[in-house]
Amino acid sequence: MEEEKLERRLSITKKGFPAIWVQTLRFAAPNVRYGYSSAICSPNGKLTKVIRTLENYTKVKHLVGISKKCVFIQSTYNIDGSVVEIYKVEELDFKNKKVILRKVATFKEEKWDNISYLNNYKVGIHSTLMRAKKFYSLMDLD
């Protein structure tokens, strides 16, 4: 597996704790339609606490706490199947308000490239995958 990094915006709560926005959404264009969901899991495999929620019919955003020991999980679902990616938090850059994430596992074409994260993070994986499938299946608003 090649080294892949992802960068997200770091938010600071009113109490001064680091947080990140995760979301569930549906993307629909004439030739493309997919559901997407992301989540943050603590080192023990549980989903982190939601601090704030913003939502409408096609998108739900949650502000959740994050630490250096957490993992970021994102799933997409479309007519071709599903893709799940797991990223470890590599760096919390408070000065530039960035979270640097490093990919550690991918589920693609019905197989995992690294199975060592499955048992600990199965709740987050299942949660993101089911939400991505749900938003993919939403009815078109025509």
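Located above this text is the structure these notes cover.
Residue positions within a chain follow its written sequence, with the count starting from 1. Two thresholds apply to this predicted model, a pLDDT of at least 70 for residue-level local features and 80 or more for giving and counting side-chain atom pairs, whereas whole-chain, interface and lining totals are computed over all residues. Values shown for side chains rest on all heavy atoms present in the structure; no hydrogens or waters enter the calculation.

(A) Region of interest: the nonpolar core. The biggest cluster of nonpolar side chains holds 16 residues, and the ones touching the most others in it are Ile40, Ile66, Phe72, Val89, Val99 and Leu101. If you list the elements that add at least two residues to this core, you get strand 3 (18–28), strand 4 (33–41), strand 8 (81–93) and strand 9 (98–108). Between two residues, a contact is recorded if the distance between any of their heavy atoms is within 4.5 Å. Residues in contact with Leu101, not counting those within four places in the same chain, are Glu4, Lys5, Leu6, Arg8, Phe72, Tyr87, Lys88, Val89 and Glu90. Within the second largest apolar cluster, twelve residues are counted, among which are Ile73, Ala105, Tyr117 and Ile125. Joining through side-chain atoms within 4.5 Å is the link that ties buried Ala, Val, Leu, Ile, Met, Phe, Trp, Tyr and Cys residues into a set, and such a set is a nonpolar core. Using a 1.4 Å probe on the protein chains alone, a residue whose accessible area is under 20% of its type maximum counts as buried, one over 50% counts as exposed, and one in between counts as partly exposed. By definition, any uninterrupted DSSP run of H or I lasting at least four residues is a helix, any uninterrupted run of E lasting at least two residues is a strand, and each is numbered from the N terminus.

(B) Focus on the environment of Ser11. Along the chain, Ser11 falls in strand 2 (residues 11–12). With relative accessibility at 9%, the residue Ser11 sits in the buried group. Between the alpha carbons of Ser11 and Leu63 there is a distance of 8.4 Å; along the sequence they are 52 residues apart. Discounting residues that sit within four places of it in the chain, Ser11 has contacts with Phe17, Pro18, Ala19, Trp21 and Leu63.

(C) Representation of the pattern of salt bridges within the structure. By salt bridge we mean one thing: a side-chain nitrogen of Lys or Arg within 4 Å of a carboxyl oxygen of Asp or Glu. This structure, assessed with the given rule, holds five salt bridges. Between Glu7 and Lys98 there is a salt bridge, with the nearest N and O atoms lying 3.6 Å from each other. With Glu7 in strand 1 (residues 5–9) and Lys98 in strand 9, this pair connects stretches of sequence that are 91 residues apart. Residue Lys98 is classed as partly exposed on the basis of its relative accessible area of 32%. Taking the shortest distance from any N to any O, the salt bridge between Lys103 and Glu85 comes out at 3.0 Å.

(D) A look at unusual backbone geometry. The phi torsion at Lys97 lies on the positive side, around 55 degrees, for a residue other than glycine. If you trace the backbone, Lys97 turns up in the loop between strand 8 and strand 9. What makes Lys97 partly exposed here is its relative accessible area of 39%. Not every positive phi belongs to a glycine, and Glu110 is a case in point at roughly 65 degrees. Mapping Glu110 onto the fold places it in the loop between strand 9 and strand 10 (111–112).

(E) Structural context of helix 1 (residues 122–136). Here, expected helix span is obtained from the residue count minus one, scaled by 1.5 Å. In this model helix 1 runs 21 Å from its N-terminal to its C-terminal C-alpha over 15 residues, within 8% of the 21 Å that 1.5 Å per residue would give. Buried within helix 1 we find Gly124, Ile125, Ser127, Thr128, Leu129, Ala132, Phe135 and Tyr136. Here the buried face of helix 1 lies against strand 3, strand 4, strand 6 (59–65), strand 7 (71–78), strand 8 and strand 10.

(F) Focus on the pairing of strand 5 (residues 50–55). Examined bridge by bridge, strand 5 and strand 6 share five bridges and lie antiparallel to one another. Counterpart to Thr53 in the pairing with strand 6 is His62. Note on pairing: two strands pair once DSSP finds at least 2 bridges between them.

(G) Main features of the packing of aromatic side chains. To pair, rings of Phe, Tyr and Trp, with the six-membered ring standing in for Trp, must have centres within 6.5 Å; the planes then decide the type, stacked if under 30 degrees apart, edge-to-face if over 60, and tilted in the middle. For the structure on display, the rule yields five aromatic pairs. Geometrically, the ring pair formed by Phe107 and Trp112 is tilted, given 5.3 Å between the ring centres and 45 degrees between the ring planes. Under the relative-accessibility criterion, Phe107 is labelled buried at 13%. Aromatic pair Tyr117 and Tyr121: ring centres 6.3 Å apart, planes at 25 degrees, arrangement stacked. Tyr117 sits in the buried class, given a relative accessible area of 17%. Take Tyr121: its relative accessible area is 7%, and that puts it in the buried class. Just above the ring of Tyr136 sits the side chain of Arg33; from NZ or CZ to the centre is 4.4 Å. Comment: the charge-over-ring label is applied if NZ (Lys) or CZ (Arg) is within 6 Å of the ring centre and within 35 degrees of the ring normal.

Any functional reading would require information that these geometric values do not contain.
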